[in-house]
Amino acid sequence: MTITRESCMQIESIVIVGGGSSGWMSAALLSKSFPDIEIALIESPHTKPIGVGESTLGHFNRFLRRMELEDKDWMPRCNATYKTSIAFKNFRDGKGERFQYPFGGLEETPIEYYELQCQYGQEEYPPEEFANFVNTNTYLADRCKVVEEIPGSNFNFKDDTAYHLDADLFGQYLRDEHCIPNGVVHLKGDIENVVKRPDGSVESIITSDGGILSADLFIDCTGFKSLLLEQHMGSEFIPFNDYLFNDRALATVVPYINRHDDMETYTDCVAMNAGWVWNIPLWHRIGTGYVYSSKYISDEEAEREYREWLSDRYSPEIAQTAHLRPIRIRHGKRKEAWVKNVIGIGLSYGFLEPLESTGLMTTHENLIYLVDTIARRDRYVGRWDINAYNVKVNNTIEVMKNFVSLHYAISMRSDNKYWMDCTNNIVFEIDPNSSDSTKSAMSGVIALMTKPEDAYFNPVDLDGLLYIVSGLGFRPITEDLYKEKLKENPDRESIVIRKHEEYQQKKQSVLEWVDQQPSHYQYLLENIYGTDEYVHEEKEVD
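Residues numbered from 1 in each chain as written. Predicted model: local features only at pLDDT ≥ 70, side-chain atom pairs only at ≥ 80, totals over all residues. Heavy atoms only, no water.

Undergrad: Would you mind showing me how to read the packing of aromatic side chains here?
TA: On inspection of all chains with the given rule, the structure shows 42 aromatic pairs. Aromatic rings pair up to connect Tyr 101, Phe 103, Tyr 113, Tyr 114, Tyr 120, Tyr 125, Phe 130, Phe 133, Phe 403, Tyr 467 and Tyr 503 into one cluster. Of note, Arg 259 hangs over the ring of Trp 283, and the distance from its end group to the ring centre comes to 4.6 Å. Against the face of Tyr 369 rests Lys 392, its NZ or CZ located 5.8 Å from the ring centre. (Phe/Tyr/Trp six-rings, centres within 6.5 Å; stacked < 30°, edge-to-face > 60°. Lys NZ or Arg CZ within 6 Å of the ring centre and 35° of its normal.)

Undergrad: Which parts of the structure should I look at to understand the pattern of salt bridges?
TA: Should their charged atoms come close, side chains of opposite charge can pair. In total, this model carries 34 salt bridges according to the counting rule given. The salt bridge involving Glu 128 is made with Arg 92; its shortest N-O contact spans 2.9 Å. With Glu 128 in the loop between helix H4 (110–120) and helix H5 (130–134) and Arg 92 in the loop between strand E4 (85–89) and strand E5 (98–102), the pair connects residues that are 36 residues apart, well separated along the chain. Across the pair Asp 421 and Lys 417 runs a salt bridge whose closest N-O atoms are separated by 3.3 Å. Of the two residues, Asp 421 and Lys 417 both sit in helix H15 (residues 417–425), four residues apart, roughly one turn of that helix. (Salt bridge = Lys/Arg side-chain N within 4 Å of Asp/Glu carboxyl O. Helix = DSSP H or I, 4+ residues; strand = E, 2+ residues; numbered from the N terminus.)

Undergrad: Would you explain H15 in this entry?
TA: Think of an α-helix as 3.6 residues a turn; residues three or four steps apart then line up on the same face. Every buried residue of H15 is accounted for by Tyr 418, Trp 419, Asp 421 and Cys 422. Summarising the axial view, the buried residues of H15 lie within an arc of 160°, below the 170-degree limit, and thus occupy one face. Those residues of H15 that are exposed and angled more than 90 degrees off the buried face are Lys 417 and Asn 424. At the N-terminal boundary of H15, the capping side chain belongs to Asn 416, with an oxygen 3.1 Å from the backbone nitrogen of Tyr 418. (Buried < 20%, exposed > 50% of the residue type's maximum accessible area, 1.4 Å probe, protein only. Arc of directions from axis to C-beta. Polar contact = N/O pair within 3.5 Å; in protein donor to acceptor, adjacent residues only side chain to side chain.)

Undergrad: Got a minute to help me understand the nonpolar core in this structure?
TA: The nonpolar side chains of a soluble globular protein tend to be buried with one another. Grouped together as the largest cluster of nonpolar side chains are 150 residues, with contacts concentrated most on Leu 30, Phe 63, Trp 74, Phe 91, Phe 170 and Tyr 408. Of all the elements, helix H14 (residues 383–409) adds the most residues to this core, at ten residues. Listed in part, the 14 residues of the second largest apolar core include Val 17, Val 202, Ala 215 and Val 339. (Core = buried A, V, L, I, M, F, W, Y, C linked by side-chain atoms within 4.5 Å.)

Undergrad: Before we go on, may I ask you to explain the sheet that holds strand E10 (residues 212–214) in this structure?
TA: Think of a sheet as strands paired side by side through backbone hydrogen bonds, with each pair either parallel or antiparallel. The antiparallel open sheet is built from three strands, whose spatial order is E8-E9-E10. The sheet terminates laterally at strand E8 (191–196) and E10, the two strands that pair on one side only. Here the strands of the sheet are splayed against their neighbours by 20° on average, with no regard to which way each runs. Here E8 runs beside strand E9 (residues 202–207); their pairing, made up of five bridges, is antiparallel. Bridging across to E9, Ile 191 finds its partner in Thr 207. (Pairing = 2+ DSSP bridges. Axes fitted to C-alpha atoms, helices over the stretch in contact; angles between N-to-C directions.)

Undergrad: Which parts of the structure should I look at to understand the pairing of E5?
TA: On any regular strand, side chains alternate: one points to one face of the sheet, the next to the other face. Of all five residues that make up E5, four are buried, and the element is covered over most of its length. Taken together, the five bridges between E4 and E5 define a ladder with antiparallel strand orientation. Paired with Ser 85 across the strands is Pro 102, a residue of E5.

Undergrad: What's the story with the sheet that holds strand E20 (residues 342–344) in this structure? I'm lost.
TA: A sheet is described by the order of its strands in space; here six strands give the open sequence E7-E2-E1-E11-E20-E19, paired in mixed fashion. Of all the strands in the sheet, the pair left with one neighbour each is strand E7 (185–188) and strand E19 (338–339). Bridge count between E19 and E20: two bridges; the pairing is antiparallel. Counterpart to Trp 338 in the pairing with E20 is Ile 343.

Any functional reading would require information beyond the geometric quantities listed.
See the structure below:
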């Protein structure tokens, strides 16, 4: 098949190289947004998708809205469940403590929590209680409950609920129900050669069976190897090793022991000796894995530690029989996501360990911005558009890099070299001469470093960051600062005491209300699935 290319600036045809979730998400959104653009997707019959992106953030809802997908349409096809929070255990002290990062807006002024903490002590208001104070959704997440409305809250089910899903099945669903019906040409084959024009742009790709694919725009969805963007276009890989130490993972799946009780509404992240374990509940089973650093622990030691964790969490039998799949992690980004007429989407552009469920985020966020870029000038793309796209996606991944690395840098663990290096060697250097985009990506870090009290009093765009640093024990005001405040405003103490009384009453009533709400399993059974059945295996398409 040949896709013609009529103009170097007007996009009439697109070839997507690589399938998986990023390839089919690209094909789905592009074909829906531009039905008159000719689109083909070629994927190797020998490549199996990595499939680590089974947990999403609320941003994923933007992609679903663009695709006009309703939960009932796609969730049963992907064994998907809801997600209302991310839990972090042993990240602060390593002594069994756990805090939540619930989704939804802040219901209280965060600084008030620390006034209560100073007034009543950390035993009454420990770090993990912060999320309960500012967001009622925390109580629901802790008890694995799902509701569409929370009384007295600004919780929005459509925006503040994310998903756990089988990313490979989601790609297949999009392929079968949207891409192919929209006219996307699906090809199987390996890339043998890339033909370039004199200006360095890609003219065509040659397949192993002699096929020639030409297009105006090529989208690289080949995963970590970044076949087009890095290997052929020379977009330099910039590692994040100084911020994120983990470079390996062991992944497996385990069965539910009691699906009704064990189907959590959050991604459970548990810190280990040299990394952390994820626990992701799907409709039919649980996905789990150990992300670790080979610099601090051998593969054999990691497997032993992980199997011990599986034994304690599930059962000795599950730990002994679990098939562990090794995964190599390459943290970082390409210097430019868009070079000439080649764009990297998903892992081909960049990747961060999935501590904050960013596995699919670099796919759908960059893809949405690509669609907007193409549509902005009626499919006309020039140097300005390419530069703007690169600035935007670079800022996005830099913000996420800083956010994820803060989970380690602000930890108070010092029980081994891994955690000591995390807390001592992750350095956020803020160069006053750096570009505005770099400063923007560091805005949250800068706010916490320079004016933490202001950040908690007026947390514009910082609510996610505040959950993490608060749960890790970071306090914007101390007892001495609080005393100074009381001297300046003696009436403040009575306000804090009244807030304490109000919160205790609210807490009791919220807990009584939460107990009456349906479990995660119940809600899915009644509103999404209607049956215990699930999708078993991949459907092959010729």
